[in-house]
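# Structural overview for review
Residue-level listing of the chains:
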Amino acid sequence: SRSRSGSRGRQARRRSRSPGARRGNRGSDEDPARWASEDETYGRKVFVGNVSHDSDERTLEDHFGKYGKITDVFFPRDKRDGRRRGFAFVTYETGAEAQAAID
């Protein structure tokens, strides 16, 4: 009786875990490159680091617009105080334009 209840408890815990919890958060058997290729902005989105907290979308559009048509500018914000975090993402219409901005 004692060993049965103990084994049932372990089995219940095993079943309650999600498949991702056993393999890690992302699932080690999946290819991360596959996730990126499924993203519609892959190859068109450029990370911009060391951005002043005073900068806005217009500032980045003016600076990076010379490399191509910008479809989106995104500034992540700090969850606690709502301030911009000092980096941004600029998304271009094509991958070639994004590559021109990087080069």
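Residues numbered from 1 in each chain as written. Predicted model: local features only at pLDDT ≥ 70, side-chain atom pairs only at ≥ 80, totals over all residues. Heavy atoms only, no water.

## Side note on the pattern of salt bridges
A side chain with one charge may pair with a side chain of the opposite charge, provided their charged atoms come close. For clarity, the threshold we go by: What counts as a salt bridge is simple: a side-chain nitrogen of Lys or Arg found within 4 Å of a carboxyl oxygen of Asp or Glu. Secondary structure follows DSSP: runs of H or I at least 4 residues long count as helices, runs of E at least 2 residues long count as strands, and numbering of each begins at the N terminus. Only protein chains enter the area calculation, which uses a 1.4 Å probe; residues under 20% of their type maximum are buried, those over 50% are exposed, and those in between are partly exposed.
What the rule picks out here adds up to 5 salt bridges. When the shortest N-O distance is used, the salt bridge between Glu57 and Arg84 registers 3.6 Å. Within this pair, whereas Glu57 is found in helix H4 (residues 57-64), its partner Arg84 is found in the loop between strand E2 (70-74) and strand E3 (88-92), the two being separated by 27 residues in sequence. Residue classification places Glu57 among the partly exposed residues on the basis of a relative accessible area of 32%. By relative accessible area, which is 15% here, Arg84 ends up buried. Across the pair Glu61 and Arg58 runs a salt bridge whose closest N-O atoms are separated by 3.8 Å. Here the residue Glu61 and the residue Arg58 both occupy positions in helix H4, the gap between them amounting to 3 residues, near one helical turn. Classification of Glu61 as partly exposed rests on a relative accessible area of 33%. Residue class for Arg58 comes out exposed when judged on its relative accessible area of 53%.

## Side note on the side chain of Arg84
As a reminder, the rule being used: Whenever two N or O atoms come within 3.5 Å, that pair is a polar contact, provided that in protein one can donate a hydrogen and the other can accept it, and provided that, for residues adjacent in sequence, both atoms are side-chain atoms. Contact between two residues is taken to exist if any of their heavy atoms lie within 4.5 Å; hydrogens are not considered.
At 2.4 Å, the side chain of Arg84 and the backbone oxygen of Ser55 are in polar contact. The contact partners of Arg84, leaving out residues within four places of it in the chain, are His53, Ser55, Asp56, Glu57, Phe75, Pro76 and Arg77.

## Quick look at the sheet that holds strand E1 (residues 45-48)
Applied cut-off: Pairing between two strands requires that DSSP report at least two bridges joining them. As a rule, the C-alpha atoms of each element are fitted with a line to give its axis, helices using only the stretch in contact, and angles between N-to-C directions run from 0 to 180 degrees.
An order of E1-E3-E2 is seen for the 3 strands of this open sheet, with the pairing classed as antiparallel. Bordering the open sheet on either side are E1 and E2, each of which pairs with just one other strand. Each strand of the sheet is rotated relative to its neighbour by a mean of 20°, with strand direction disregarded. Taken together, the 4 bridges between E2 and E3 define a ladder with antiparallel strand orientation. Residue Asp72 lies in a different strand from E3, and its bridge partner there is Thr91. In the packing of H4 onto the sheet, the strands contacted are E1, E2 and E3, and the crossing angle to E2 comes to about 135°.

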